[in-house]
Amino acid sequence: MEPSQTTPASPPNPRLQIAMVGLGRMGANLSRRLLRGGHDVVVYDLDPTNIARLAAEGATPAASLAELAAALTPPRAVWVMVPAGTPTESTVTALGQHLAAGDTVLDGGNSFFKDDVRRGRELAARGIHYLDVGTSGGVWGLERGYCLMVGGEPAVFARLEPIFRTLAPGRAGAAPTPGREASDRPADRGYLHCGPLGAGHFVKMIHNGIEYGLMQAYAEGFDILAGANGEGRPADERYDLDLGEIAELWRRGSVVGSWLLDLAAGALAADPKLAAFSGRVDDSGEGRWTVATAIEQATPAPALSAALFARFRSRRDSTFGEKLLSALRHQFGGHAEARREG
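Let me begin by describing the structure that accompanies this report. (Residues numbered from 1 in each chain as written. Predicted model: local features only at pLDDT ≥ 70, side-chain atom pairs only at ≥ 80, totals over all residues. Heavy atoms only, no water.)

## Some words on the overall build of the chain
Here is step 1: A tally of regular secondary structure across the chain gives 15 helices and 8 strands.
Here is step 2: Burial status across the chain gives 38% buried among its 342 residues.
Here is step 3: In the chain, once contacts between residues fewer than 6 apart in sequence are set aside, the share between residues at least 24 apart is 65%.
Here is step 4: Total accessible area on the chain is roughly 18500 Å²; 58% of this is exposed by carbon and sulfur atoms. (Helix = DSSP H or I, 4+ residues; strand = E, 2+ residues; numbered from the N terminus. Buried < 20%, exposed > 50% of the residue type's maximum accessible area, 1.4 Å probe, protein only. Contact = heavy atoms within 4.5 Å. Areas by Shrake-Rupley, 256 points an atom, 1.4 Å probe, with all protein chains shown as cover.)

## Some details on helix α13 (residues 286-297)
Here is step 1: Helix length check: α13, at 12 residues, gives a terminal C-alpha distance of 16 Å against a target of 16 Å (1.5 Å per residue), a fit within 8%.
Here is step 2: For α13, every residue scored as buried is listed here: E286, G287, T290, V291, T293 and A294. Projected down its long axis, α13 carries its buried residues within an arc of 160°, all on one side. Exposed side chains of α13 directed beyond 90 degrees from the buried face belong to I295 and E296.
Here is step 3: Looking at the packing, one finds that the buried side of α13 touches α5 (113-124), α10 (199-226) and α14 (302-313). (Expected span 1.5 Å × (residues − 1). Arc of directions from axis to C-beta.)

## Points about the packing of α10 against helix α11 (residues 243-250)
Here is step 1: Two elements in contact, α10 and α11, have axes whose closest approach is 11 Å; the angle formed by their N-to-C orientations is 135°. Considering the angle they form, α10 stands oblique to α11. Here the hand of the crossing between α10 and α11 comes out right-handed. Facing α10, whose interface residues are F222, L225 and A226, α11 presents L243, I246, A247 and W250.
Here is step 2: Grouping the constituent residues of the contact of α10 with α11 by class yields 7 nonpolar, no polar and no charged. (Axes fitted to C-alpha atoms, helices over the stretch in contact; angles between N-to-C directions. Parallel < 35°, antiparallel > 145°, perpendicular 65-115°, else oblique. Left-handed = near helix turned anticlockwise from the far one by under 90°. Nonpolar A, V, L, I, M, F, W, Y, C, P; charged D, E, K, R; others polar.)

## Points about the sheet that holds strand β1 (residues 17-21)
Here is step 1: Taken together, 8 strands build an open sheet; the order of strands is β3-β2-β1-β4-β5-β6-β7-β8 and the sheet is mixed. The open sheet terminates on both sides in strands that have one partner only, identified here as β3 (60-61) and β8 (191-195).
Here is step 2: Relative to strand β6 (residues 129-136), strand β5 (residues 104-107) runs parallel, the two being bridged by 4 bridges. Within the sheet, the bridge partner assigned to V105 lies in β6 and is Y130.
Here is step 3: Sitting on the sheet, helix α4 (residues 86-96) touches β1, β4 (77-80) and β5, and the angle it makes with β4 is about 165°.
Here is step 4: Across the sheet, α10 lies against β5, β6, β7 (147-151) and β8, angled at about 20° from β6, the strand it touches most. (Pairing = 2+ DSSP bridges.)

## As for the pattern of salt bridges
Here is step 1: Tallying each qualifying case throughout the model produces 25 salt bridges.
Here is step 2: Measuring nitrogen to oxygen at the nearest pair gives 2.8 Å for the salt bridge that ties R76 to D103. Highlighted residues: R76 in the loop between α3 (65-71) and β4 and D103 in the loop between α4 and β5, separated in sequence by 27 residues. Neither R76 nor D103 differs from the other in exposure class; each is buried.
Here is step 3: In this structure, the salt-bridge partner of R280 is D282, at a minimum N-O distance of 3.4 Å.
Here is step 4: According to the relative accessible area criterion, D282 is partly exposed, its value standing at 48%.
Here is step 5: Put simply, E89, D107, D115, D116, R118, R119 and E122 are held in one network by salt bridges that share partners. (Salt bridge = Lys/Arg side-chain N within 4 Å of Asp/Glu carboxyl O.)

## Things to note about the environment of R185
Here is step 1: Take R185: it is sitting in the loop between α8 (161-167) and α9 (186-189).
Here is step 2: According to the relative accessible area criterion, R185 is partly exposed, its value standing at 42%.
Here is step 3: The spatial distance from the C-alpha of R185 to the C-alpha of G37 is 19 Å, given a sequence separation of 148 residues.

## A short note on unusual backbone geometry
Here is step 1: P75 follows P74 through a cis peptide bond whose omega is -5°.
Here is step 2: Within the secondary structure, P75 sits in the loop between α3 and β4.
Here is step 3: Phi angles above zero are rare outside glycine, and L274 is one such case at about 50°.
Here is step 4: Looking at the secondary structure, you find L274 in the loop between α12 (259-270) and α13.

## Thoughts on the nonpolar core
What tends to happen in soluble globular proteins is that the nonpolar side chains get buried as a cluster.
Here is step 1: In this structure, M20, L68, W79, L106 and F164 are the most contacted members of the largest nonpolar core, which totals 48 residues.
Here is step 2: Ignoring anything within four residues of it in the chain, the contact list for M20 reads G27, L30, S31, L34, V41, V42, V43, Y44, L68, W79 and M81.
Here is step 3: Membership of the second largest hydrophobic core comes to 9 residues, among which are Y218, F222, L243 and A265. (Core = buried A, V, L, I, M, F, W, Y, C linked by side-chain atoms within 4.5 Å.)

Have a look at this one:
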């Protein structure tokens, strides 16, 4: 399963200078894509090894946030790519001490949109701009490009648009939508100014909530397929199905085809029984925020809510509620407790 090759050989837009704080899998690959696109990238990370690795690939290393700020030419732009919550909060606060009016902080992590609004206002008091950049693409983004959802001032977005154009997949990332006039609009290239402060991460939050639902639907469907040969089915209605082949089948012409299905097919090809996985599924927080926002708006979201709760369920062997269900069945009907498979 090869990713599409959409990395631009050279930028079709002006060369800019930008700093990247946080060189984990995402931050490092964002930096690499910017370097490949011809931009000047200054890098900093708590781990000197990560800095050295990117420096060897053409980035300018910085040993501290102060050194990073000094290496940039005003108006400076610093992209923060660290875990949401306290790491992002402390990093943005520290950066604020080294930047000046006219500079811009971009938060590309999975921050809560309400935190963006607050942080943006705090920086604005000192004349520092703030863009929240919902970033999707994962470990494949270096080659495929990143889908970018941006919130903040339109003028600041426009000034830094060459950065987004370089990081995004470009028009080759997807075939034109039938009935939609072909254009070079940002959305057609894989990035979009979604609105004012917080709008980018708000859209990314819902994006991840939908992702939870889609993943859960695939998981449940394949779980039913996997159980089609179980003892609970009539003998003449048992089917020993090849899940890897079914995934490959559905990738071709099916209405349930998607990149997530492509990834499921890859996982099943590598490990048909998924023996390397425990089934415990964590959540990044955005699914919770999606459900909480739906409640705030009184917007029904049963599928997304169920998908989030299913992740919670995956982390327990048996819940107290399940034990009570089993006890009640035994009390009123004398039903023996079923063994847990695995």
